Amino acid sequence: MEGCLFCALARGDVDADVLRQGDRVIAFRDIHPQAPVHALVIPREHLTNAADLTHAHAGLLAEMVATAQWVAQAEGVAESGYRLVLNVGADGGQTVGHLHMHVLGGRPMTWPPG
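The model shown is predicted, which means the values in this text are computed figures rather than measured ones.

About the criteria used
- Residues numbered from 1 in each chain as written.
- Predicted model: local features only at pLDDT ≥ 70, side-chain atom pairs only at ≥ 80, totals over all residues.
- Heavy atoms only, no water.
- Helix = DSSP H or I, 4+ residues; strand = E, 2+ residues; numbered from the N terminus.
- Rg over C-alpha atoms; globule rule 2.2 N^0.38 Å.
- Buried < 20%, exposed > 50% of the residue type's maximum accessible area, 1.4 Å probe, protein only.
- Contact = heavy atoms within 4.5 Å.
- Areas by Shrake-Rupley, 256 points an atom, 1.4 Å probe, with all protein chains shown as cover.
- Pairing = 2+ DSSP bridges.
- Salt bridge = Lys/Arg side-chain N within 4 Å of Asp/Glu carboxyl O.

1. Description of the overall build of the chain
On a plain count of helices and strands, the chain comes out with 2 helices and 5 strands. Along the chain, helices and strands appear, N-terminal first, in the series α-β-β-β-α-β-β. On C-alpha atoms alone, the chain measures out to a radius of gyration of 13 Å, which is about the 13 Å that the 2.2 N^0.38 rule sets for 114 residues. On the principal axes, the C-alpha backbone points of the chain span a range of 35 × 30 × 30 Å. Here the chain holds 114 residues, and the buried ones make up 37% of them. For the chain, the proportion of contacts with a sequence separation of at least 24, taken over those separated by at least 6, is 55%. As presented, the chain carries roughly 6700 Å² of accessible surface, and 52% of it is formed by carbon and sulfur atoms.

If you want it as C-alpha cells, here you go:
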C-alpha cells in the first residue's frame, strides 16, 4: 500500500533491524522499545489491523505466531515468558496502520496493561 511505513519496510525500502523474514512474514526490532526485548512481527501483505483478519488468514496468523515464538526463543525470553500484543485502532493503541504483533519480554509484564 502506498505510503505505508511497514509495507515499505517489508519491501526493503526502509532500513530495519530485521530478526527473521520469510515469504509472508517479517520480524524486526521496534525502534521505540517498551521492554528489553521488543520486536514487531508483520505480514508482507497489507492488512490494516487484526479486525481485517478473516478465516482465510488463519495460516498467516499462525505463521505470525510461530515467528513470534522464534523471536522469543532467539532473544532468550521463551522460558521466562513474554507478551504478544495486537493493537486495533487508535483507542487500542495502534499507531501504524498495518497489522503488527508486538513481542515483549525481558521484564515482568504488569496487568492490566496501559
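2. A look at the pairing of strand β2 (residues 25-29)
For β2, a buried count of 4 out of 5 residues is recorded, marking the element as mostly surrounded by other parts of the structure. Taking the residues that link successive antiparallel strands as the turn, the strand β1 (residues 18-21)-β2 hairpin has 3 residues. Note that β2 and strand β3 (residues 37-43) share 5 bridges and pair antiparallel. Bridge pairing in β3 places Val25 opposite Pro43.

3. So, the pattern of salt bridges
Applying the stated rule across the entire model yields 4 salt bridges. Of the charged contacts, one joins Glu75 and Arg29 as a salt bridge, the two residues approaching to 2.9 Å between their closest N and O atoms. Taken together, the positions of Glu75 in the loop between α2 (58-74) and β4 (82-86) and Arg29 in strand β2 put the pair 46 residues apart, joining distant regions of the chain. Owing to a relative accessible area of 26%, Glu75 belongs among the partly exposed residues under this scheme. Among the residues examined, Arg29 registers a relative accessible area of 34% and is labelled partly exposed. One network of salt bridges, in which partners are shared, links Asp17, Arg29 and Glu75.

Keep in mind these numbers describe shape, not what the thing actually does.
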